[in-house]
Every structure is written in structure tokens, then in C-alpha cells.
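One letter stands for each residue in the lines below.
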Number of protein chains: 4
Amino acid sequence: MKEEIKRSSANCNARTDLALEVRESFEEDNVEVSGVVLEEDYVQDKDIKITRVIIKDEHGQAAMGKPIGTYITIEAPRLQEDDETYHEPLTDEIVKYIKELLGEDKEGEVLIAGLGNREVTPDALGPKVVDNLFVTRHLIREYGEEFKKKNQMESMSAIAPGVMGQTGMETSEILKGIIKQTKPKCLIAIDALAARSVSRLNTTIQITDTGISPGSGVGNHRNALNEECLGVKVIAIGVPTVVDGATIVNDTLERFLDGKGFSEEEMYKFMEEVREKMVCNMFVTPKGIDDAVKRISYTISEALNQCFCQTI
Amino acid sequence: MKEEIKRSSANCNARTDLALEVRESFEEDNVEVSGVVLEEDYVQDKDIKITRVIIKDEHGQAAMGKPIGTYITIEAPRLQEDDETYHEPLTDEIVKYIKELLGEDKEGEVLIAGLGNREVTPDALGPKVVDNLFVTRHLIREYGEEFKKKNQMESMSAIAPGVMGQTGMETSEILKGIIKQTKPKCLIAIDALAARSVSRLNTTIQITDTGISPGSGVGNHRNALNEECLGVKVIAIGVPTVVDGATIVNDTLERFLDGKGFSEEEMYKFMEEVREKMVCNMFVTPKGIDDAVKRISYTISEALNQCFCQTI
Amino acid sequence: MKEEIKRSSANCNARTDLALEVRESFEEDNVEVSGVVLEEDYVQDKDIKITRVIIKDEHGQAAMGKPIGTYITIEAPRLQEDDETYHEPLTDEIVKYIKELLGEDKEGEVLIAGLGNREVTPDALGPKVVDNLFVTRHLIREYGEEFKKKNQMESMSAIAPGVMGQTGMETSEILKGIIKQTKPKCLIAIDALAARSVSRLNTTIQITDTGISPGSGVGNHRNALNEECLGVKVIAIGVPTVVDGATIVNDTLERFLDGKGFSEEEMYKFMEEVREKMVCNMFVTPKGIDDAVKRISYTISEALNQCFCQTI
Amino acid sequence: MKEEIKRSSANCNARTDLALEVRESFEEDNVEVSGVVLEEDYVQDKDIKITRVIIKDEHGQAAMGKPIGTYITIEAPRLQEDDETYHEPLTDEIVKYIKELLGEDKEGEVLIAGLGNREVTPDALGPKVVDNLFVTRHLIREYGEEFKKKNQMESMSAIAPGVMGQTGMETSEILKGIIKQTKPKCLIAIDALAARSVSRLNTTIQITDTGISPGSGVGNHRNALNEECLGVKVIAIGVPTVVDGATIVNDTLERFLDGKGFSEEEMYKFMEEVREKMVCNMFVTPKGIDDAVKRISYTISEALNQCFCQTI
């Protein structure tokens, strides 16, 4: 049954941007997924869990519906709380994994892109991260290598390009143009994500070296933000802040109906109806989303600032 | 069955702020509700429908779960579109009904309160309306009666007090204090509402002379914004911009399960679970909510400006 | 000569909100001002200077053109820089002096008012401080004394009422109403100030127990924010972010012309012309004012949060 | 004398972005400037004056310190007032002159760039114009030529790239990249300007086909926004919202001292002092700048929307 529903979900908008959630959906069935490696880690004495999902080959890619690459998920239940003693070790973790995924590219110019719509609270995460960055590219250009070394900084530039409804352009077009012109060594894209489970909202950070693939997630998309399309390494940092409207109804219903004897067809038909009539183009978000996005954006800005400037 | 579920909904957060939706829930059963009058009207050649729900007595109040008074609902499917030829007659309707509900109080000082949280897009309607008001109270105080008559204006003041999480105070406390000090003849409160049906979002304006009663909606609440508590007439103008998370799941489920033979108890138990685990403190809102709120706030500001200043 | 010009300045808009600057204007003439005490202090190893101007009696009040009371000025040249190791001791100083001026009123409910216009960058300091406060009044009302003691907090509420051009009401009317209704033990008003000297901008914090007196500054004004008018102790925290347009021209001219043999009358006439034709209702502010206001508002919010909640 | 001072002004920040003001500075001396044509026009019955300054050759360019091209200045004293009957004919004028300067390029894709810093009120004009644009490029790409013809629209895209302090990149780099990638036929850049005279603020619109040349204004600058650098026609629409701090002091002083017998050297030295010690990196702006920028940005957005979509 689940096969059917999940497929239909993928076709519509019902979805998760978290590799971890995709992987978990298999666990329910105790399936070992070929081509997918799962590793877990914890930050001692802190309520922080790290899960690394590595999609190693095309088997894994097909099963997961996500591109080959490494997906690091930091589960931090207290991410939206205002407690410096929690955010400091958390920031260290984010820095560590950004550097790990950057590999040897961690030296060289970096462009940060704060994706999303500044005017919609749960989608404003990316733009808000950019608001608090300490950009240095223009300073290094003005004051030279000496200045850069003295401050132990890498060149950082940043942009919050807005969304297609505001610009009339694909984000990928804007970023591709800027990258060709300013030639950073890598792009780090910050984006608000959609999760499948409400409990993930504002508690989870995903860092991946696969970039961002709009829509179903795999394939050579014209509008993807990845190395293939942009010509530079792309790290994506995402935090789920919304659940898709269709997803939440589907999942609730699925749980309720499980084992109650409805036919696949009956449920599929209903799901279609839900999506068409009611909840497509809707999103679900928590009531305190403004404070959560503000708090989380500080932490990610802080991590990026530390990552590329030692003396800040 | 519905009784049971609806009661439980009322106890939790699942709810509608629209009297029209409450009234409609009875229609499904073809019930004539004692103490409640329903009148319909249309704006010629425009896609605008007016429904007047009048709760006349305590019978009506008890049945509807809303205070005695008049609830005018303007259904304007194109409310969020950017078409002046639609918004002009719509503005005229809003002006007409505000004046009708004000009655003889339409002359005299008015205080406009833009309720809600400016930082959360669908809740920012009230503050955004205030942003575009042409306040005149201080001008009339400075330039005198002559100036007021020449411009055919009534004194208008305005405030966007923020929400309790920002101020630590009940909105009713703030407004009661300001009203006692500045002595307006009436208060007009603008607020984003929760609807039961997604199709109501950003397409419906409710204007009522009952003010705003938080929570279950009836009774002498300490924190209500109504004439009884504030000592001046209160007109509330509301536009549904969100559906409560619990509501949308309940309603979807109800429709799906209707006639499929589940016991009330079975469903009630599940609803409880949904509310507790998953969707309480969540809201559902459309993806283009930023443009919708901007557009609608202009129209309401325009109506208020016209209402209290003829020469604008 | 200076007498004449200064008098004329006072009549127009040319002015300083800083008691320290008023006091300094006498120093140029090496005058000891009767009824005014001046004390200086330094924070060891930090580039922070504290000056305490105490206006003790009516002599002092008349000479200074400011009400009787204590004016603590913290000069912190690095106030707008993003350096935690500087802002931490600075925050401690702010906390210390707020507590000193509160005296025995430091226990009991406090209302914070963030004055100014959120839409004008250098005037947004007050509203931005409120944005980052941890208000607790509603929490204490919900969770009780136990909760309050456990968290070692005092009740804090906050409001950013906007300016008269937005509300049509005097700020004093709004605050008087809210104070009567919610009965705090004291008001702390945060406001952007006007300085006489450009070098004061974004580098100086004034904390005073005299509140805020609009206009010329002394006397029983209907619209003052002080204990006499509001009935509760009023602490004002101000940071100069603008110089008045007329002031800057006057001062420049004065310095240039000093000793060049112009008659008082000649200069007075010119000043009048400048004020009328050109620079009245103008303000002068630095180009990086957005970053400065953001940074400074964090520090003041932090100080207030620490002041009224030990466990934050 | 003026030569000396003006030269020094150009070297520092004291400046005007308005060709009209440069031209006027010659008028004082009744000079006919070779290579510069001046034409005036009025909108009947409306308080709107149009001045066309055409810099025809290198003589004119050298004299004016502005590139060869056409500078249309619309003087609209009521530009910041909220009166639709004034803004409608004004919008028509803006549309007319944009189309005139576009010439045959008025058909084809256009990119609008809202320059400036959204966080600094008088600099937010460009970003605010973009906020109210009806972008269509993505719609035409999705719905095709039919849709475009039916709506009589040209393809419009838009971006508010932010300023170098926020992005670390030159605006010209960002726009050059986007233009290469998305290939519009022309760029229209909206920017807040600096005027020499306070009376120009928020009352004047300059439309030019020379683009924007940072700094002294003439020459092949790496960072200019003009056809030479960007490869597409560039129309710049600017509204003065600030006066440079140094300019205002210089001009005031000049007027005062004119004919009072100071030596050029004496004044030059003083000006230097002013610039260094006091007012460099300061700007002067009117107190109601928030309302002015909001109002003016609506009018420019409206003009652009009308220009590129007939059916809006």
C-alpha cells in the first residue's frame, strides 16, 4: 500500500527535503537499502545527534530519490531556544561539518546564497542568515592579502536573490550569472526546507554536498543548484520550517487507516481529492515561527562567520 | 457524530472565527436555527456576495457559539488579485457596512487597532492596515475644528500593539488603557482570522459589531475586545488568512470517513491524538500569503481612510 | 556672542539631548556651574568612560536647561563594533547604572517602552530594542510566583508604540493609559537622541532618572515622559544617532566665524535664514547607521534582559 | 573662487547626482555651456515641470562632469503627497520618458534593478520599487507567447541586489553576471540620489540613458552601470532623497560668505577641515523620509508596471 501512496505523493507536492526522513521511511520496514550508508553520532552531554546518510551509488539514488552524496543531519531539539550554552557547541558542530564537506575547497572565495522569500516568515531563513553575515570579499579586495592573512579570513560574499515570483528569474539563473562573474570557489546555499514530520520543524539542520534539486530531486535539472549546473562545489544548509499541506493530511490519514482495511485505490482517490481541492499550495508551520527563524538564522550566520574568519 | 467531534474541536484549538462558517455547518443538516437570521445580497455585475448573519437572542448565541450581534461577511473571490476595477466597488462595500454598524457613532473620534504579529506573514494583516492609514487626530488637535470641517474628516488614531508574546500584556489591557486615556467614541479592530475551510482564505471579509472574543467566543471574558469590556462600541474587521492545523486534519478526516462506519469514540480518540502529537500550535496558510496580505491590507486601509476622511 | 546664538538655537530645533554636551558647552568658558555636579569614572583596561552629571537644584536646572536629576553618560567609542569582548563589560555597566537609578524600585514590574519610528533607520533604536527583549509578565501571570522565583526574574512587559505621525496620539497618552491599566512599578524608555557633535553618534549611552521632556526640556509638560506626568519612576536610556540639521550648520559656522569680527546680529539673521529655508526638519546621520543601530540595540536589549532575569 | 571650491568638492564626497543642478550652477554666472542643450516643458494645469539636459559632446561632458547623454528631470513638488489626481498624470509622464529613452528597445525583455540598502530609509527607494513590480518573465516562459500577446506585456524581471557592504560584491558585478545569464534587452536601474539642494529632496525624478557612474561620474569605470560596461542599454531612474553632509555645510557657508571678503585659501582650508573632522560619511535627510520613500516608490513601480504591461 505504501508504495502506491508514496509514489503519488512524490508526483504531487507532498514531500520531504530531508534525506534522513526518506531513509527512516524504509526503516519502518526494517529494510537495508543497497547503496545507502547510515552512521550516527552524538555530542557528549548535549542533546545533539548527528546522522550521516551517504548515498553511494545509483542504487541508493534510485531508492532514496535523492542525488548521490553526503547528507549530514544535526538533530538539535533545543535549536529554537535562546540558550547560548547550547548554541555554542551546536555552532561548532555546524562549522565542523561545513569544513568537512568543503574538503580542500575550504580555502578560497566562498559565495553564500540566502534562498527564499524574505516576506514569508518560515521561508525567510536564508535571507535572514545573509543579514547577519560578515562579508569580506570587498574588504580583501580593498586592503589586500596582508589584511586577509592578519585577520585569518577567507573571502566571503553573499546574496539573497529572492524567489521567482519576485524576480521573474530562476534562482539558478541569478546564481549562475553571479558565479561566472565573481568566480567563487564554492557556493553555500541556505534554505528553509519542508519536512514530513512536524517534530522535525525548527529542530533539525541538514548539511549536504549535493546542492539543491528542485522538484522530484534527481536528474540533470536545468534549475538545480549543484556542481554540475553551476560549475563550483555546492554545499546546501537547510532547516525544515514547514510541512507541506498535502503531506500532513496524507500522513495523518495513513496512520489512522493503517490496518483498517481500505483498498489502496480508495485511499489513492481520496488523496488526489485532498490535494486538488484543499491543501495543495498550502503549508503548515508552527505559531512561534518568527522567533524560531530569528534564533536559528543567528546560529547559522555565526557558524558561517566563524568558518571563514578566525578572528571574528 | 458531528456533535461529539465539534464539541471536542471547540475545546481544543480547532475552530472558525467566521460566523458564516458556523451557520453553514447547520445548513448541512437543513436546520433552521432559532434566534439566527440569515440574509444574502450581491453586488451587481461584480463577483461579490454579502451575507448578513444576525444573532438575535440567547438561543442564537448558544447555538452559534458566538455573541449576539450582526456579522456581515463579504465574499470576494478576487480579493487577493491586483485589479483596481474590482477593489474599488469592494472598498465601497466595506465603507458602507462599517458605517452601517457604526450607526450614529460614525461621527466622533475613532481608534483603529491593528491586531496581530507583524513578524508572522498571515498574522501581519492588522499591523499592515495601520501602516497605510491616514491618521488625523493629532492634526485636528493642532489645526482645530475649521481644519476638520474643511477636510470633512473625523478624528482617527491608530495603534498596532503587537501580541502578548511580544509585549507581555493582553491586547485588551493595552487597548483599555489607551481608550481610557484618549477617549475615542469607538474602536475598530482589524485582525487576521482562522477559517475552517481553505477556500475562505484571503477571499472573505467579516465585519461585526460584536468585537473580538478570544477562545470559545461567548461570555464575559476579561480579555475580550467588546463594548462590555472596553466601554466603547467595537467593530471588528477580520479576514481569514489561516486554517488551524487541527481543524484541517479533522475536517479532512471527517469527510473521508463519513458513512464508512467508524464509531464516534474511535474517531474522537484519534482526533485527540492528532491534536496532542502533531498539529496543535500549527497553522496552515497558502504559499502566496505575502502578496495576499499586502493586497488586502491596502483595500481595508483605503476603506477606513475613505470612511473617516471625505477629501482624501 | 554665544549667548545670543544659543538662545536662538534653543528656540528653533537646534539642540542636544545629552546633558553631558550641555555641561561641556560651559567648560569652554571654564565656568563652574552652580547646582551641577560632575563626576568621571573609567572601566579599567576598556575604552569606556562614565560621566555622571547631577543637576541638584533649580540653579542647575536653569543653567543646564534640563530637569533636576542624575544623567549618566557612558562613552564607548567601540559601541557600534561587533566585538563581544567589548560589549560584555559594556553591558555590565549598563546593567549597573540602570539598577543604581532604579534604586529600591528594581524589584517589581517594569514596562519597557521602545520609542521612535521603526521605519526611519536612526529612529528605530527603541523599537529594535523591544524586538529582542525577553518579556515575562504574561509568563509570571500564567505560571505564578514559583516560576518567577525559580527563574529569578522580575515581571517585564514592553511596547513599541510608534510615533505621533503613525498613531495620531502623543506617546505620553499611550503610555499613561497602559501604565494606569497594567500598573508597572516603573517605566524604562529607550529612545534615539539628537547630539550636537557628530563624534557622539553611536558611541554614547545616556541613562537618566528624569525621563524624557520633549522640546526645550524643562517644566511641567503635558507630554513629558516623567514621574510627575506618568505617576511611576521613569528611567530613560538614550543613544544619539542623529544631529539636527540646523545644529550642524550653526556649529560649523560658529567655529569658522569665531573671532572673525561678524556682529551678533549679522550671524543671528543668517542662522534664522538657514533654519527657515533649508535645514529645519532635516537630520544628519552616518552612512552605516543601519548596522550601528542593529548592534547597539542588541547590547541594550541584552542589558535589560540581564537586569530583570538572572537566569537568561 | 567657486572653481577652487567646486573642484575640492568633487574630490571629496560633496556632490550632486542631478545633471540639472550641475547645469544650474553655471546659470548663476549666465554662462552658455558649449555642448549642452537645455529644454523646458510643463504639464498643463499640473504643477509639474520637465527639464531636458542633453550633453551632446565631450565639451559638454567635461564642463558638466557627467557622461554624454540625455537627462530628463521631472520636478514635481507634490511628489511625496498622497494625491492620486496628481500621481496619475505624473505616472504618465514617467512612462512617456522611459519609453522615449528606450526608443526601439521598448520591446524586448527588461531587467529592473532596485539599487540601494533596504535597511537605510532614504536608500531603500530602489528595493521598495522592486517590491511592487509585477514581474512577468517567468510567466511568459511558462505560458508562452500567446499569454504575452493577450496581456500586451513585455517580459520584465527584477532584482534588488543590496549594497557592497551587504554582499561583498560590486553591484556592477552582480548585474553583469545576471545580464549575461538572462539576456535582457535593457536594464532599468532605480536608485536614490544625492542632491545639492534640500529643496530637491523627494520632489524630483531624473531619468537618463547614461546609466549610473559611481564617483566623479565620467570615464570608463570598471564599476559603472552603463551600456559600455554591461553590454545592454541602461536607463537610470533616480530620486534625490539625501544631501551629502559635506555639501550642505559647504553650500551654506558659501552663501553666507559670498562677498564678505574671505580668501579662497581661507575657505578651502576650512572646507577641508569640515570634511575631515565632521561630516564626511554623513548624510542629511528630511524627517518624514519614510512616508516620502514609500509614496514615491509606488509611483515609480506603477509607471514601470504600466510601461511593460498594458493590461495591468
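Quick caveat, the model's predicted, so the values are computed rather than measured.

Secondary structure assignment for chain A yields 12 helices and 9 strands. Going through the 312 residues of chain A one by one, you find that 58% of them count as buried. Sequence-distant contacts in chain A: of pairs separated by 6 or more residues, those separated by 24 or more amount to 73%. Entry remark: accessible area of chain A is about 12,900 Å², with carbon and sulfur atoms responsible for 45%.

The phi dihedral of Lys 183 of chain C falls on the positive side, at around 50°, and the residue is not glycine. Here Lys 183 of chain C shows up in the loop between α8 (171–182) and β6 (186–195).

Take the side chain of Asn 226 of chain B next. Here Asn 226 of chain B shows up in the loop between β7 (204–208) and α9 (227–230). In contact with Asn 226 of chain B, not counting residues within four places along its chain, are Thr 210, Ser 213, Gly 231, Val 232 and Val 234 of chain B.

Let us now look at the packing of aromatic side chains. All names here are of chain A. Per the counting criterion, the structure on display carries 6 aromatic pairs over all chains. Ring centres of Tyr 143 and Phe 147 lie 5.3 Å apart, and the angle between their planes is 45°; on these two criteria the pair is classed as tilted. Of this pair, Tyr 143 and Phe 147 are both found in helix α6 (residues 137–150), 4 residues apart, which corresponds to roughly one turn of the helix. For Tyr 143, a relative accessible area of 48% translates into the label partly exposed. Judged by relative accessible area, Phe 147 falls into the partly exposed class, the value being 21%.

Let us look at the pattern of salt bridges. Side chains bearing opposite charge may pair, as long as their charged atoms lie close to each other. Throughout the structure, instances matching the rule amount to 64 salt bridges over all chains. We note a salt bridge from Arg 137 of chain A to Glu 109 of chain A, for which the minimum N-O separation is 3.5 Å. A residue pair is termed long-range when its members are at least 10 positions apart, and Arg 137 of chain A in helix α6 and Glu 109 of chain A in the loop between α4 (84–102) and β4 (110–114) qualify at 28 residues. What makes Arg 137 of chain A buried here is its relative accessible area of 2%. With a closest N to O distance of 2.7 Å, Glu 173 of chain B and Arg 137 of chain C form a salt bridge. Here Arg 137 of chain C lies in helix α6 (residues 137–150) and Glu 173 of chain B lies in helix α8 (residues 171–182), a pairing that spans two chains. When salt bridges with common partners are traced through the structure, they connect Glu 21, Glu 24, Glu 75 and Arg 200 of chain A into a single cluster.

Right, let's talk about helix α4 (residues 84–102) of chain C for a bit. Residues and elements named next belong to chain C. When the terminal C-alpha atoms of α4 are compared, their 26 Å separation across 19 residues agrees well with the 27 Å that a helix rising 1.5 Å per residue should span. Of all the residues in α4, the buried ones are Tyr 86, His 87, Pro 89, Leu 90, Thr 91, Glu 93, Ile 94, Val 95, Tyr 97, Ile 98, Leu 101 and Leu 102. The positive-phi residue at the C-terminal boundary of α4 is Gly 103, with phi of around 60°.

The next thing to look at is α6 of chain A. Between the first and last C-alpha of α6 of chain A there are merely 15 Å, a value that for 14 residues lags more than 12% behind the 20 Å anticipated at 1.5 Å per step. At Gly 144 of chain A, α6 of chain A shows its largest bend, some 125°. Along α6 of chain A, the residues that are buried comprise Arg 137, His 138, Leu 139, Ile 140 and Lys 148 of chain A. Turning to α6 of chain A, the residues buried within the fold contact β5 (156–159) and α8 (171–182) of chain A together with α7 (164–167) and α8 (171–182) of chain D.

Right, let's get into the pairing of strand β2 (residues 48–55) of chain D. All names here are of chain D. Burial within β2 is extensive, with 6 of its 8 residues counted as buried. Where strand β1 (residues 36–43) meets β2, 8 bridges bridge the pair, whose relative direction is antiparallel. Bridge pairing links Asp 41 to Ile 50 in β2. The antiparallel hairpin formed by β1 and β2 contains 4 residues in its connecting segment, where Asp 45 sits at a positive phi of about 65°. Sheet topology note: the β2/strand β3 (residues 69–75) ladder contains 7 bridges and is antiparallel. Within β3, the position partnered with Ile 54 by the bridge is Thr 70.

Glancing now at the environment of Tyr 97 of chain C. All names here are of chain C. By secondary structure assignment, the location of Tyr 97 is in helix α4. Residues Tyr 97 and Thr 171, spaced 74 residues apart in sequence, show a C-alpha to C-alpha distance of 25 Å. If we ignore the near neighbours within four places in the chain, the residues touching Tyr 97 are Asp 41, Ile 50, Arg 52, Ile 72, Ile 74 and Ile 207.

Quick look at the environment of Leu 230 of chain A now. Residue and element names in this part refer to chain A. Tracing the backbone through its elements, the reader meets Leu 230 in helix α9 (residues 227–230). With a relative accessible area of 7%, Leu 230 lands in the buried category. Considering only alpha carbons, one finds Leu 230 and Glu 142, 88 residues apart in sequence, at a separation of 27 Å.

Below, the discussion takes up the packing of α4 of chain C against helix α12 (residues 289–308) of chain C. Residue and element names in this part refer to chain C. The interhelical angle for the contact between α4 and α12, taken along N-to-C directions, is 50°, at an axis separation of 9 Å. It follows that α4 is oblique to α12 by the angle criterion. Handedness of the crossing formed by α4 with α12: right-handed. Along the contact surface, α4 presents Glu 84, His 87, Leu 90, Thr 91, Asp 92, Ile 94, Val 95, Ile 98, Lys 99 and Leu 102, while α12 presents Arg 295, Thr 299, Glu 302, Ala 303, Leu 304, Gln 306, Cys 307 and Phe 308.

With that out of the way, let us pick up the side chain of Thr 182 of chain D. As for its placement among the helices and strands, Thr 182 of chain D is situated in helix α8. Aside from chain neighbours lying at most four places away, what touches Thr 182 of chain D is Met 169 and Glu 173 of chain A together with Glu 109 and Arg 137 of chain D.

A cluster of basic residues, Lys 180 and Lys 183 of chain A together with Lys 180 and Lys 183 of chain D, forms a positive patch on the protein surface. Its relative accessible area of 54% is what places Lys 180 of chain D among the exposed residues.

Attention now moves to the packing of α8 of chain A against α8 of chain D. Two numbers describe how α8 of chain A lies on α8 of chain D: the axes approach to 7 Å, and their chain directions differ by 120°. If you check the angle between α8 of chain A and α8 of chain D, you find them oblique. Relative to α8 of chain D, the crossing made by α8 of chain A is right-handed. Each of Glu 173, Ile 174, Lys 176, Gly 177, Ile 178, Lys 180, Gln 181 and Thr 182 of chain A in α8 of chain A lies in contact with α8 of chain D, whose residues at this interface are Glu 173, Ile 174, Lys 176, Gly 177, Ile 178, Lys 180, Gln 181 and Thr 182 of chain D. Within the contact of α8 of chain A with α8 of chain D, the residues separate by chemical class into 4 nonpolar, 6 polar and 6 charged.

Time to look at the confidence of the model for chain A. All names here are of chain A. For chain A, mean pLDDT is 85; residues scoring 70 or higher make up 87% of the total. Contacts from residues 1–14, a stretch scored under 50 in pLDDT, to residues over four places away or in other chains number 25 contacts. Across the interfaces of the predicted complex, the ipTM metric reaches 0.89, alongside a pTM of 0.91.

Further remarks concern the pairing of strand β9 (residues 282–286) of chain D. The element β9 of chain D is largely enclosed, with a buried count of 5 among its 5 residues. Here β9 of chain D shows no split at all, with Met 282, Val 284 and Pro 286 of chain D on one side and Phe 283 and Thr 285 of chain D on the other all buried. As paired strands, strand β9 (residues 282–286) of chain C and β9 of chain D are joined by 5 bridges and run antiparallel to one another. Counted as the bridge partner of Val 284 of chain C is Val 284 of chain D from β9 of chain D. Direction of pairing for strand β8 (residues 233–244) of chain D relative to β9 of chain D: antiparallel, over a ladder of 2 bridges.

What counts as what
- Residues numbered from 1 in each chain as written.
- Chains lettered and ligands numbered in written order.
- Predicted model: local features only at pLDDT ≥ 70, side-chain atom pairs only at ≥ 80, totals over all residues.
- Heavy atoms only, no water.
- Helix = DSSP H or I, 4+ residues; strand = E, 2+ residues; numbered from the N terminus.
- Buried < 20%, exposed > 50% of the residue type's maximum accessible area, 1.4 Å probe, protein only.
- Contact = heavy atoms within 4.5 Å.
- Areas by Shrake-Rupley, 256 points an atom, 1.4 Å probe, with all protein chains shown as cover.
- Phe/Tyr/Trp six-rings, centres within 6.5 Å; stacked < 30°, edge-to-face > 60°.
- Salt bridge = Lys/Arg side-chain N within 4 Å of Asp/Glu carboxyl O.
- Expected span 1.5 Å × (residues − 1).
- Bend = angle between axes of the 7 residues up to and from the residue.
- Pairing = 2+ DSSP bridges.
- Axes fitted to C-alpha atoms, helices over the stretch in contact; angles between N-to-C directions.
- Parallel < 35°, antiparallel > 145°, perpendicular 65-115°, else oblique.
- Left-handed = near helix turned anticlockwise from the far one by under 90°.
- Patch = residues over 30% accessible without salt bridge, like charges linked within 9 Å, V, L, I, M, F, W, Y side chains within 5 Å.
- Lys, Arg positive; Asp, Glu negative; His and termini not counted.
- Charge placed at Lys NZ, Arg CZ, Asp CG, Glu CD.
- Nonpolar A, V, L, I, M, F, W, Y, C, P; charged D, E, K, R; others polar.
- pLDDT = per-residue confidence, 0-100.

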